[in-house]
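# Remarks on the overall topology
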Amino acid sequence: MSIKITWLGHSAFKLESDGHTYLIDPFLTGNPLAAAKPEDLDAEIIFLSHAHGDHLGDTVDIAKRTGALVVTNFEIAEWLQKQGVEKTHGQNPGGGCQHGLVHAKFTVAHHSSSFPDGSYAGVACGFVLTFSGKRLYFAGDTSLFSDMRLIGDQVIDLAFLPIGDNFTMGPEDSLRAINYIRPRAVIPMHYKTWPPIDQDASEWGNAVNNETTAQPIVLDPGASYTLV
Ligand code: NI
Ligand code: MN
């Protein structure tokens, strides 16, 4: 079964497969690259990597309106309940759980995390999502780390990696990450949104082609790629 992936700008993605829709880090309001309005999005499950505003984004509004399950870390799941989100599920790095058709295993991400008021939001995470016969690795906001090799050992079809630099790994480290993860294809994220994370994605794509075995998938905001 194929998976259609749409980049909504920054680290926000829509995943569609077999009539089911999932969202990752749906930051749209205030996102200069936003390719959708939060009120136009529907989702069964929202996967949320950490609590920073450029990831938490419109999660509360979308979850309340659609009744989506929010799968995130334990602390954020508890906090979302207090915001009136009914269906939440908390995990932590190393832990996997089946949610309907999607298996989600949380990974470490080397990054900070806090709620909008600055309070503790648990650790920042990434996740490995397995569904429709494919395995996707969404790194979240993170630096390069050598244990990405272990994630790659699970055989990743598609990786989502930040390339913006400054807050996360930049283009050069992302090439090393790709060689650790060894995915079939890789989508860059967390770049171009604001000046501190501006990057030339086509240059990055050339480097991926030259220095790794992965296929770079550079999307414009709103554009889609179908993983088959
Ligand atoms: Ni962050
Ligand atoms: Mn971020």
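Please refer to the structure placed before this passage.
Residues numbered from 1 in each chain as written. Chains lettered and ligands numbered in written order. Predicted model: local features only at pLDDT ≥ 70, side-chain atom pairs only at ≥ 80, totals over all residues. Heavy atoms only, no water.

The next thing to look at is the coordination of the manganese ion (ligand 2). Within the protein, the atoms that donate to the manganese ion (ligand 2) are Asp54 (OD), His55 (NE2), Asp141 (OD) and His190 (NE2), at distances of 2.1 to 2.2 Å. Coordination of the manganese ion (ligand 2) draws on donor residues from a single chain, spaced D-H-x85-D-x48-H in sequence. The distance between the manganese ion (ligand 2) and the nickel ion (ligand 1) comes to 3.1 Å, and aspartate 141 binds to both of them. What makes aspartate 54 buried here is its relative accessible area of 17%. (Donors = N, O, S within 2.8 Å, 3.2 Å for Na, K, Ca; no water. Buried < 20%, exposed > 50% of the residue type's maximum accessible area, 1.4 Å probe, protein only.)

Take the coordination of the nickel ion (ligand 1) next. At the metal site, the nickel ion (ligand 1) is ligated by His50 (NE2), His52 (ND1), His111 (NE2) and Asp141 (OD), and these contacts range over 2.1 to 2.4 Å. Around the nickel ion (ligand 1), the four donor atoms are arranged such that angles at the metal cover 86 to 178°; this shape is classified as irregular. Every donor residue of the nickel ion (ligand 1) comes from the same chain, spaced as H-x1-H-x58-H-x29-D. A relative accessible area of 0% means that histidine 50 is categorised as buried. (Tetrahedral: all angles 85-135°; square planar, octahedral: opposite > 155°, others 65-115°.)

Let us now look at the packing of aromatic side chains. Under the definition given, this model contains eleven aromatic pairs. The interplanar angle of 75° and the centroid separation of 5.5 Å between the aromatic rings of tyrosine 22 and phenylalanine 131 together place this pair among those described as edge-to-face. Note that tyrosine 22 is positioned in strand β3 (residues 20-24) and phenylalanine 131 in strand β9 (residues 125-131), a separation of 109 residues in sequence. With relative accessibility at 4%, the residue phenylalanine 131 sits in the buried group. Put simply, the rings of Phe13, Tyr22, Phe47, Phe106, Phe127, Phe131, Phe138 and Phe160 pair up and form one aromatic cluster. (Phe/Tyr/Trp six-rings, centres within 6.5 Å; stacked < 30°, edge-to-face > 60°. Helix = DSSP H or I, 4+ residues; strand = E, 2+ residues; numbered from the N terminus.)

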